[in-house]
Number of protein chains: 2
Amino acid sequence: MFRTHTCGQLRLQDIATEVTLAGWVQTVRKFGSITFVDLRDRYGITQLLFGEELTIQLDTTPLGREFVVQVKGTVVERSNKNLALPTGEIEIAVGSFTILNSSAVPPFTIQDDTDGGDDLRMRYRYLDLRRGVVKRNIELRYAVNRATREYLHLQGFMDIETPFLIKSTPEGARDFVVPSRMNAGQFYALPQSPQTFKQLLMVSGYDRYYQIVKCFRDEDLRADRQPEFTQIDCEMAFVEQEDILTMFEGLIKFIFKQVKGIDYAETVERMTWEDAMWNYGIDKPDIRFGMKVANLKVPSTVYVDKQDSLKASPLAETSGFGVFDNAETVIAISVPGAAEYTRKQIDELTDWVKRPQVGMQGLVNIKYNADGTLKSSVDKFFNEEKLKAIAAYADAKPGELILILAGAEERTRKAISDLRLELGERLGLRKKEEFKLLWVLDFPLFEYDEEGNRWVARHHPFTSPKPTQISDMINNNPLIENASEYLKHPYANIKANAYDMVLNGNEIGGGSIRIFQRELQEKMFAALGMSKEEAQHKFGFLLGAFEYGAPPHGGIAFGFDRLCAILGGSESIRDFIAFPKNNSGRDVMLDAPASIDDKQLEELSIKLDLK
Amino acid sequence: MFRTHTCGQLRLQDIATEVTLAGWVQTVRKFGSITFVDLRDRYGITQLLFGEELTIQLDTTPLGREFVVQVKGTVVERSNKNLALPTGEIEIAVGSFTILNSSAVPPFTIQDDTDGGDDLRMRYRYLDLRRGVVKRNIELRYAVNRATREYLHLQGFMDIETPFLIKSTPEGARDFVVPSRMNAGQFYALPQSPQTFKQLLMVSGYDRYYQIVKCFRDEDLRADRQPEFTQIDCEMAFVEQEDILTMFEGLIKFIFKQVKGIDYAETVERMTWEDAMWNYGIDKPDIRFGMKVANLKVPSTVYVDKQDSLKASPLAETSGFGVFDNAETVIAISVPGAAEYTRKQIDELTDWVKRPQVGMQGLVNIKYNADGTLKSSVDKFFNEEKLKAIAAYADAKPGELILILAGAEERTRKAISDLRLELGERLGLRKKEEFKLLWVLDFPLFEYDEEGNRWVARHHPFTSPKPTQISDMINNNPLIENASEYLKHPYANIKANAYDMVLNGNEIGGGSIRIFQRELQEKMFAALGMSKEEAQHKFGFLLGAFEYGAPPHGGIAFGFDRLCAILGGSESIRDFIAFPKNNSGRDVMLDAPASIDDKQLEELSIKLDLK
């Protein structure tokens, strides 16, 4: 070893010990004839004291920032203690030193608050990783990894590796593919998830499986997506939904405790997908704060269970206000303490909802003044009585500002959710160090694919429908005759045995109870418009496996990168990945992807086909 | 849950408990009016007793092998106990049962001794995985995984994930590549190992890194190779070779203890590469037994350190026997207790070394009889005195049979090693449950690549040369003028700071102390015939990193699949991989690789180029 101790190790009780340290030069401070150097490694920082003789030596062989140095010396008590550092009561009286490696001047400062921009830091990621703030993220990631493995092991799960070179069966996202040299003209695919393998392991009787595993999706990358990402992937046999919910809220609570020291004692809230959409406009509500929305008007074919409560809406009948009357959906939200908002503040909110990312036409407001009077931007169409009815329906209190959006169902619902989150942020209701878990249950089984005018699996094709709705799936033709009225198709209302875990408004995991009968699985493929031949070609192995005694089973997968990011108080997963890619899927440090040799192409029996 | 207990859980103390079990039907045995069913799950087997009424019910709804069944009943004491089973003292008096899923008749028997051939079992791998013998392998693999993580964590290592979509830099084996849709005409590569990333992590100050990680090599598969395989990949900063050896023999000893219950108390033997080749003919000798070989003649340019001892060889001068005189290398091995071998036995051994896999022309033998007389197949050329000299040089004892091979250096040395192992096997010296570790040190830095008539890195281009031999590398032109005399080139004798860990004659791990200075790394690339531009294009990021304070570092990687196989007493890694590929790199269960859609090809900007 080049050292006897690390730079985070020495304390007062080590005084007078002869030690050897090695690490990086963080700072050099010369005071007259002596020099102080902060030496850094993964474990901490220790102050080195170079006396007069060595300081003269430093004149000829100077130590620059990030030089790698080995020093031999004696631990001595500091006169000027720094109690903010664990090693701050001692320093090393250096006897001799060796420069192990020099360093060019780094392109940015290696400090928590760096002057380096994003691109620069990514190009020199090996230097960026030295920064304390990044290192703590990577350490947190390892702690989450450890806690996950510990919990799952204690619960009887086995880590079983599944293959990376598999078969391309694109359903939803695109596969990355790998040309096979030994099988000319054929390709492997990289797994989007080990879904079918973990199900096969249940068929094989492994009972409880897990893996912390890389997955791959060749998607157009949105702001915070990576082409390769990591999942905590789990599956259990002989379970019902309740067993999975209990097991995995246990996992997340265990991680909270181990990694953050948080005792999450409360019961994890549960909510159906319909209730989430109805009350928050979104399937992953942030429930750290209230501010539920009020549905004044929705299309009659969705939220079938809610139609009764709609009858009480002040907009149940024509209002005379065209914007509302012509809209598919009208939703309100009441903002506490905002009745006093100025014209300017309201204009600013109106601009906010009109931004292309939100995409609304405008924002109606009703001020519910503290004195009980009401004043709105639509006084022309609604008298005080009507306004009062709306306020009552929206459960608004005096002093609140009621904001109302109107438009097409999906866009308007998303907009009211965005607005709610924005207001929550502005009102300081989304506290970074508060963690609130939520199960969202009973997701729709299908989702409408506009491009193909067809049904796709919302979770994946292996998710089981609610038993009472299997007949709705089997006995209805999946064909959508009128694309604009797809919500009227019976498939739109079939619910799945599927669940998501939501943390502070982020989906951190999702799963389902699976289909485990060949016949039902075949009917599901058919419902998704897959021919018998196609189903056999893509998933013959799974259908085959279901013939030989497949047990009931279900599972879940957590987005490991995102879970770490949220626990680390960040919204960006990139900060929690050692070597991430940018938004074009490039690794700018490696400069990958890159062109390859013609010889390589030839061996793989492919050629380029550039437009 | 579909069960209250597993099939491996219930004991005498559970008598009279009402339980629900779920699992697979292993056997059904009808005895008159009652029926016994063995119910199996991951945890064990429990006997079920179906009374008269239920046995009648079984006539209409029979239970076949591998059916999935849920039963409710009471734990009762067995009259006919089976003490070989942990649950063998009890059985379940079944009150009611539900068939959760039926099963077709499996294509082979789900038993340790199956009637299924290799192909059939691979096609139905999900059924093969149900067999106890395969399940125990997968469980052993998980135990090795656990022990590895535990030890490395205790030693301060951090699991840090490195990317899978990287840059193609083929050096040695071929890369698998992945066309990038978003960067038309460009390709990612799948990592052959995380080598450069773990070195970058050392530059970044992470100090101790590990990962249990998939690696990919697109090689023509030899008998027991897989295109994707798993490594225990480790790296440490501020270490010398000695630190690595100590740390990682500790790891393997910890695994022995945790997984096999073996206290490996002995010191792990160490041997230089030269000594291994000299004494055993191979760089991964099985030292569970002796039988060192005797070098009667070797080319003068190799084993430079051994030339002195060669002077004592009876073949130091021309012998008059053309086969020896014309051979580059002559090596002998003495076989204990084999002086009595019959002509037939010796002919059989001669045929064995003449097989194409060994490829020798013949086998000379000298019988060293118990009475001290000698008799050889070359009496014509060697008188008794000469034979005695050979026997003495080969350290043979009376009663031993001396076998001598002659031919070209590399082939002959490999052949004598193969012969030694074969004899060791036949003599029962290679005991399955005996484990013998060995470090082989000081490997050659370079290896001769016949096809390209050039030097390639034996380990990889990041391995450091022995400090005293750096000048040999820098000051000699790598060009090989006369291909047949490559062993005379100074590069042939440069040794590296590289080490392999050998277990029972298998290389289970290998590593090196790395180059950490940009200048030396550049000289290494040049020695390998890489132009400055090529080095910059392929490894610019690493050369760049070395400019900013790279610490001294080194590491090792273990072949996880092989380690598990050896610990499991098998020579085949496939048995220890849940979903392996066959020798053509195919997954016969998935039927992958496979052709992909034209649309996929088009999106990737490639087309097929079939001959």
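As the structure is a computational prediction, the values presented were derived from the model and not from experiment.

**Brief notes about the packing of aromatic side chains**
Turning to step 1, where the next piece is worked out: On inspection of all chains with the given rule, the structure shows 61 aromatic pairs over all chains.
Turning to step 2, where the next piece is worked out: With 5.0 Å between their ring centres and 10° between their planes, Phe164(A) and Phe164(B) make a pair best called stacked. Taken as a pair, Phe164(A) in the loop between β6 (158–159) and β7 (177–179) and Phe164(B) in the loop between β6 (158–159) and β7 (177–179) lie in two separate chains rather than in one.
Turning to step 3, where the next piece is worked out: A residue is classified by how much of its surface remains accessible, and Phe164(A), at 6% relative accessible area, is buried.
Turning to step 4, where the next piece is worked out: Where Phe256(A) meets Tyr264(A), the ring centres are 5.5 Å apart and the plane angle is 15°; that geometry is what we call stacked. For the pair formed by Phe256(A) and Tyr264(A), the shared burial category is buried.
Turning to step 5, where the next piece is worked out: Within the aromatic cluster, the residues linked to one another by ring pairs are Phe446(A), Tyr448(A), Trp455(A), Tyr486(A) and Tyr491(A).
Turning to step 6, where the next piece is worked out: Directly above the aromatic system of Phe289(A) lies the positively charged group of Arg420(A), at a separation of 4.0 Å from the ring centroid.

**A few points about the relation of the copies chain A and chain B**
Turning to step 1, where the next piece is worked out: If you rotate chain A by 180° and push it 0.0 Å along the axis, it lands on chain B with an RMSD of 0.1 Å. The symmetry that links the two subunits is that of a two-fold axis.
Turning to step 2, where the next piece is worked out: An overlap of 100% is found between the interface residues of chain A and their copies at the interface of chain B, pointing to a shared contact surface.

**Some words on the sheet that holds strand β2 (residues 34–41) of chain B**
Residue and element names in this part refer to chain B.
Turning to step 1, where the next piece is worked out: The strand order around the closed barrel built from five strands is β1-β2-β3-β5-β4, with neighbouring strands paired in mixed fashion. Taking the axes of each pair of neighbouring strands and ignoring which way they run, one obtains an average angle of 55° across the sheet.
Turning to step 2, where the next piece is worked out: In this sheet, strand β4 (residues 68–77) lies alongside strand β1 (residues 18–31) in antiparallel orientation, the contact comprising seven bridges. Each residue of the ladder has a partner; that of Glu18, found in β4, is Thr74.
Turning to step 3, where the next piece is worked out: Across the face of the sheet, helix α1 (residues 52–60) comes into contact with β1, β2, β3 (44–50) and β5 (90–101) while running at roughly 30° to β5.

**Quick look at the packing of helix α5 (residues 195–203) of chain A against helix α15 (residues 532–545) of chain A**
Residue and element names in this part refer to chain A.
Turning to step 1, where the next piece is worked out: It is the contact of α5 with α15, at a shortest axis distance of 10 Å, that shows an interaxial angle of 20°. Judged by the angle between their axes, α5 and α15 are roughly parallel. As for the relative orientation of α5 and α15, their crossing is left-handed in sense. Facing α5, whose interface residues are Thr196, Gln199, Leu200 and Val203, α15 presents Phe539, Phe541, Leu542 and Ala545.

**Considering the interface of chain A and chain B**
Turning to step 1, where the next piece is worked out: Chain A puts 125 residues into the contact, and the matching count from chain B is 125 residues.
Turning to step 2, where the next piece is worked out: The contact between chain A and chain B buries some 11500 Å² in all, and 60% of this surface belongs to carbon and sulfur atoms.
Turning to step 3, where the next piece is worked out: When the buried surface of chain A facing chain B is broken down by residue, Glu161(A), Phe238(A) and Tyr548(A) rank first, second and third, together holding 8% of it.
Turning to step 4, where the next piece is worked out: Counting across the chain A and chain B interface gives ten salt bridges.
Turning to step 5, where the next piece is worked out: The closest approach of N and O atoms between Arg181(B) and Asp218(A), which form a salt bridge, is 3.2 Å.
Turning to step 6, where the next piece is worked out: With ten residues, the single largest contributor to the side of chain A that touches chain B is helix α4 (residues 132–154) of chain A.
Turning to step 7, where the next piece is worked out: Of the residues assigned to the side of chain A that touches chain B, the class counts are 69 nonpolar, 23 polar and 33 charged.

**Side note on the domain arrangement of chain A**
Turning to step 1, where the next piece is worked out: Segmentation of chain A into domains returns domain 1 (12–101), domain 2 (133–165 + 190–258 + 558–602), domain 3 (289–430) and domain 4 (444–495 + 517–550).
Turning to step 2, where the next piece is worked out: One C-alpha centre belongs to domain 2 of chain A, the other to domain 3 of chain A; they are set 39 Å apart.

**A closer look at helix α5 (residues 195–203) of chain B**
Turning to step 1, where the next piece is worked out: With respect to burial, α5(B) is a largely interior element, nine of its nine residues being buried.
Turning to step 2, where the next piece is worked out: Within α5(B) the residues assigned to the buried category are Gln195(B), Thr196(B), Phe197(B), Lys198(B), Gln199(B), Leu200(B), Leu201(B), Met202(B) and Val203(B).
Turning to step 3, where the next piece is worked out: For α5(B), the elements touching its buried residues are β1 (18–31) and α3 (125–128) of chain A together with β9 (208–216), β10 (228–237), α15 (532–545) and β22 (553–559) of chain B.
Turning to step 4, where the next piece is worked out: Looking one or two residues beyond α5(B), the residue adopting positive phi is Gly205(B), at roughly 90°.

**Remarks on helix α16 (residues 560–567) of chain A**
Within an α-helix, residues lying three or four positions from one another point in the same direction, as the helix has 3.6 residues per turn.
Residues and elements named next belong to chain A.
Turning to step 1, where the next piece is worked out: For α16, a buried count of seven out of eight residues is recorded, marking the element as mostly surrounded by other parts of the structure.
Turning to step 2, where the next piece is worked out: For α16, every residue scored as buried is listed here: Phe560, Asp561, Leu563, Cys564, Ala565, Ile566 and Leu567.
Turning to step 3, where the next piece is worked out: At the C-terminal side of α16, Gly569 shows a positive phi close to 75°.

**Section: the pattern of salt bridges**
Residue and element names in this part refer to chain A.
Turning to step 1, where the next piece is worked out: Applying the stated criterion across every chain yields a total of 108 salt bridges over all chains.
Turning to step 2, where the next piece is worked out: As a salt-bridge pair, Arg430 and Asp286 come within 2.8 Å of each other at their nearest N and O atoms. Taken together, the residues span a long stretch of sequence, with Arg430 in the loop between α12 (409–426) and β17 (437–441) and Asp286 in the loop between α7 (273–280) and β12 (293–297) at a distance of 144 residues.
Turning to step 3, where the next piece is worked out: Its relative accessible area of 1% is what places Asp286 among the buried residues.

**Points about the environment of Thr246(A)**
Residue and element names in this part refer to chain A.
Turning to step 1, where the next piece is worked out: With respect to the helices, strands and loops of the structure, Thr246 is situated in helix α6 (residues 241–260).
Turning to step 2, where the next piece is worked out: What makes Thr246 partly exposed here is its relative accessible area of 45%.
Turning to step 3, where the next piece is worked out: For the pair Thr246 and Val268, spaced 22 residues apart in the sequence, the C-alpha separation amounts to 9.4 Å.

**Overview of the sheet that holds strand β3 (residues 44–50) of chain A**
Turning to step 1, where the next piece is worked out: The strand order around the closed barrel formed by five strands is β1-β2-β3-β5-β4 (chain A), and the pairing between neighbours is mixed. Neighbour-to-neighbour, the strand axes of this sheet turn through a mean angle of 55°, independent of strand direction.

**Regarding empty space enclosed by the protein**
Turning to step 1, where the next piece is worked out: Under the definition given, this model contains six cavities of 30 Å³ or more.
Turning to step 2, where the next piece is worked out: If you add up the space inside the largest cavity, you get close to 290 Å³.
Turning to step 3, where the next piece is worked out: In terms of lining, the largest cavity is formed by 20 residues, of which the most central are Ile212(A), Val213(A), Arg149(B), Ile212(B) and Val213(B).
Turning to step 4, where the next piece is worked out: Within the residue set of the lining of the largest cavity, elements represented by two or more residues are α4 and β9 (208–216) of chain A together with α4 (132–154) and β9 of chain B.
Turning to step 5, where the next piece is worked out: Residue classes in the lining of the largest cavity are distributed as six nonpolar, six polar and eight charged.
Turning to step 6, where the next piece is worked out: Around the second largest cavity, the lining is made up of 20 residues, and of these Arg141(A), Lys214(A), Ile577(A), Ala578(A) and Glu161(B) lie nearest the centre.
Turning to step 7, where the next piece is worked out: Mapped by element, the contributors of at least two residues to the lining of the second largest cavity are α4, β10 (228–237) and α16 of chain A.
Turning to step 8, where the next piece is worked out: Of the residues forming the lining of the second largest cavity, the biggest block, four residues, is contributed by α4(A).

**Observations regarding unusual backbone geometry**
Residue and element names in this part refer to chain A.
Turning to step 1, where the next piece is worked out: For the bond running from Ala592 to Pro593, omega is 0°, close enough to zero to count as cis.
Turning to step 2, where the next piece is worked out: Its identity is not glycine, yet Glu66 carries a phi of approximately 70°, on the positive side.
Turning to step 3, where the next piece is worked out: On the accessibility criterion, Glu66 (3% relative accessible area) is buried.
Turning to step 4, where the next piece is worked out: We note that Phe238 has phi near 60°; this positive angle belongs to a residue other than glycine.
Turning to step 5, where the next piece is worked out: In this fold, Phe238 is placed in the loop between β10 and α6.

Reading guide: rules and limits
Residues numbered from 1 in each chain as written. Chains lettered and ligands numbered in written order. Predicted model: local features only at pLDDT ≥ 70, side-chain atom pairs only at ≥ 80, totals over all residues. Heavy atoms only, no water. Phe/Tyr/Trp six-rings, centres within 6.5 Å; stacked < 30°, edge-to-face > 60°. Helix = DSSP H or I, 4+ residues; strand = E, 2+ residues; numbered from the N terminus. Buried < 20%, exposed > 50% of the residue type's maximum accessible area, 1.4 Å probe, protein only. Lys NZ or Arg CZ within 6 Å of the ring centre and 35° of its normal. Least-squares fit on C-alpha atoms with pLDDT ≥ 70 in both. Contact = heavy atoms within 4.5 Å. Pairing = 2+ DSSP bridges. Axes fitted to C-alpha atoms, helices over the stretch in contact; angles between N-to-C directions. Parallel < 35°, antiparallel > 145°, perpendicular 65-115°, else oblique. Left-handed = near helix turned anticlockwise from the far one by under 90°. Buried area = accessible area lost by both parts, 1.4 Å probe. Salt bridge = Lys/Arg side-chain N within 4 Å of Asp/Glu carboxyl O. Nonpolar A, V, L, I, M, F, W, Y, C, P; charged D, E, K, R; others polar. Domains from an automatic or database assignment. 1 Å grid on protein atoms, 1.4 Å probe; cavity = no way out; pocket = protein on both sides within 12 Å on 5 of 7 lines; lining within 4 Å. Points joined across faces, edges and corners; volume = space filled by probe spheres on them.

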